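Here is how the chains run, residue by residue.
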Amino acid sequence: MTVRGYAPGRINLIGEHTDYNDGYALPIALGVGATARFDPSISDSIAVSSREEGAAAAIPLDTSPGTGAVRGWPGYVAGCVWALREHGVRVPGGAMTIASDVPVGAGLSSSAAIECAVLEALVAASGSEAPDRTTLARIAQRAENEYVGAPTGLLDQMSSLYGEQDTALLLDFRSLAVDRVPMNLGTAVLLAIDSRTPHQHAGGEYGARRRSCEAAAAELGLSSLRDASDGAWTRTDDAVTARRARHVITENARVLAAADALASGDFTRFGELMVESHHSMRDDFEITVPAIDFIADEACRFGAYGARMTGGGFGGTVVVLAPASAAERIVSELPEAVHSAGHPRPSIAAVRPGGGAFAEKT
Ligand code: ADP
Ligand code: MG
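Residues numbered from 1 in each chain as written. Chains lettered and ligands numbered in written order. Predicted model: local features only at pLDDT ≥ 70, side-chain atom pairs only at ≥ 80, totals over all residues. Heavy atoms only, no water.

Draft legend 1. Molecular detail of the site of ligand 1. Taken together, 16 residues sit near ligand 1, with Ser50, Glu52, Gly105, Ser110 and His199 positioned nearest. Between an oxygen atom of ligand 1 and a side-chain N or O atom of Ser110, the distance comes to 2.6 Å. The side chain of Ser111 places a nitrogen or oxygen atom 2.9 Å from an oxygen atom of ligand 1. Surface burial for ligand 1 is 87%, taken as the share of its 570 Å² of free accessible area covered by protein chains. Counting residues per element, the shell around ligand 1 draws most heavily on helix H2 (residues 110-126), which supplies 3 residues. Across the shell around ligand 1, the residue classes break down as 5 nonpolar, 9 polar and 2 charged. (Near = heavy atom within 4 Å. Polar contact = N/O pair within 3.5 Å; in protein donor to acceptor, adjacent residues only side chain to side chain. Areas by Shrake-Rupley, 256 points an atom, 1.4 Å probe, with all protein chains shown as cover. Helix = DSSP H or I, 4+ residues; strand = E, 2+ residues; numbered from the N terminus. Nonpolar A, V, L, I, M, F, W, Y, C, P; charged D, E, K, R; others polar.)

Draft legend 2. Representation of the nonpolar core in the model. Core analysis: the largest hydrophobic core is formed by 81 residues, its most contacted members being Leu26 and Met96. By residue number, the principal contributor to this core is H2, which donates 11 residues. Looking at which domains feed residues into this core, each of domain 1 (3-182 + 354-361) and domain 2 (188-350) gives three or more. What Leu26 contacts, discounting residues up to four positions off in sequence, is Asn12, Leu13, Ile14, Ala168, Leu169, Leu170, Val181, Val255, Ala258, Ala259, Leu262 and Phe270. By size, the runner-up hydrophobic cluster in this structure holds 36 residues, among which are Ala216, Ala296, Ala299 and Met309. (Core = buried A, V, L, I, M, F, W, Y, C linked by side-chain atoms within 4.5 Å. Buried < 20%, exposed > 50% of the residue type's maximum accessible area, 1.4 Å probe, protein only. Domains from an automatic or database assignment. Contact = heavy atoms within 4.5 Å.)

Draft legend 3. Looking closely at the environment of His343. Tracing the backbone shows His343 in the loop between helix H9 (324-340) and strand S12 (347-351). Under the relative-accessibility criterion, His343 is labelled buried at 16%. For the pair His343 and Thr197, spaced 146 residues apart in sequence, the C-alpha to C-alpha distance is 8.9 Å. Apart from the residues lying within four places of it in its own chain, the contact partners of His343 are Pro290, Ala291, Phe294 and Val338.

Draft legend 4. Spotlight on the domain arrangement of the protein. On domain assignment, one finds that the protein holds domain 1 (3-182 + 354-361) and domain 2 (188-350). Taken over C-alpha atoms, the centre of domain 1 sits 25 Å from the centre of domain 2. Facing 31 residues of domain 1, the contacting portion of domain 2 comprises 42 residues. The junction of domain 1 with domain 2 conceals about 3000 Å² of combined surface from both sides, 63% of it contributed by carbon and sulfur atoms. Broken down residue by residue, the surface that domain 1 buries against domain 2 is led by Ile14, Glu16 and His17, which jointly contribute 21%. For the pair domain 1 and domain 2, the interface holds 3 salt bridges. Here Asp172 and Arg226 are joined by a salt bridge, their closest N and O atoms 2.9 Å apart. Elements represented by at least two residues in the side of domain 1 that touches domain 2 include exactly strand S1 (3-14), strand S2 (24-41), strand S7 (167-172) and strand S8 (177-182). Ranked by residues supplied to the side of domain 1 that touches domain 2, first place goes to S1 with 5 residues. Broken down by class, the residue content of the side of domain 1 that touches domain 2 amounts to 15 nonpolar, 10 polar and 6 charged. (Buried area = accessible area lost by both parts, 1.4 Å probe. Salt bridge = Lys/Arg side-chain N within 4 Å of Asp/Glu carboxyl O.)

Draft legend 5. Highlighting the UniProt feature "domain: GHMP kinase N-terminal" (unreviewed entry) in the protein. Residues annotated by UniProt as "domain: GHMP kinase N-terminal" (unreviewed entry) correspond here to residues 76-163. Secondary structure across residues 76-163 divides into 59% helix and 9% strand, with the first and last C-alpha atoms of the span separated by 21 Å. (UniProt positions renumbered as here; feature names shortened; annotations may be inferred.)

Below is the structure:
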């Protein structure tokens, strides 16, 4: 028996750094993802290889975080094995081959695509009853947080597991409710512009932003910034903490407004909210970089409804919603404009909401 797990990457339309603040986000799953082919056998380890990264040493089924943990990319697989076993699933040994069309470090969540594809394959091969989507997302997050050591929220895994064609997902990270918002692009175009300035997630900045948010919530006497009212940031003592809090508080409000705008097909309003979100990430949360700011501004100059950085920040991808005519100009003229300004030449792909993760036996 061979099992195949598939899981897509994602692009977040709006709602950045809100997931670990119990807030809201509005992502879509992409039409591209990762595949994990798994041939179970009687073995106490999993021999894993990646089309992109090559072969790795076999992962012992009894692997655990800490000293002796598997390092590098196989750590994502090992983390899934560990977290799944912790959940009580009997993971079989065998051989696994991974292949992914999600670019690494572009802010499209290649890591969650790998985790969710691996989990889908392992669960299907285990014969156990599949955990529900949200539980699976938590298992993947545990693998990434506790095994790999990247302190990321649940956005990426929820998007990959719940994705649906032509649907954006309004995620509430407190209740973990998933509201499906129909996304009919009509003649409008959604573009993912890869700045080719890869981010460094596990790097200290992400953790530093998380700590600032926790400090702000504590100072305001709240369990999370989700509960902060409009303007609450003025009650924090430190100017930097106040700006970090203002981003999260205003971003949550923008996500809800954007979901309404999308539901009523109001792309002009949706685009305005994207631009406000970008400015908030640039000025208050300070997670953009010059190449990204330039791309977002240029896209709007070419007539986009809106543009904003997507993903954790410090590089990665700009998501753009544009009328068809503006999209054509962006595709043909923007890369050269960005290059002439001294930044790497970006690559552009049209994207639309795609289906979520699944497993099949072959
Ligand atoms: P992203 O924003 O793309 O998720 P991360 O830093 O969170 O960036 O995750 C990228 C990491 O995921 C890579 O460094 C690698 O360890 C792992 N990864 C992603 N795609 C693959 C792949 N095709 N094969 C092996 N490992 C992969
Ligand atoms: Mg990631």
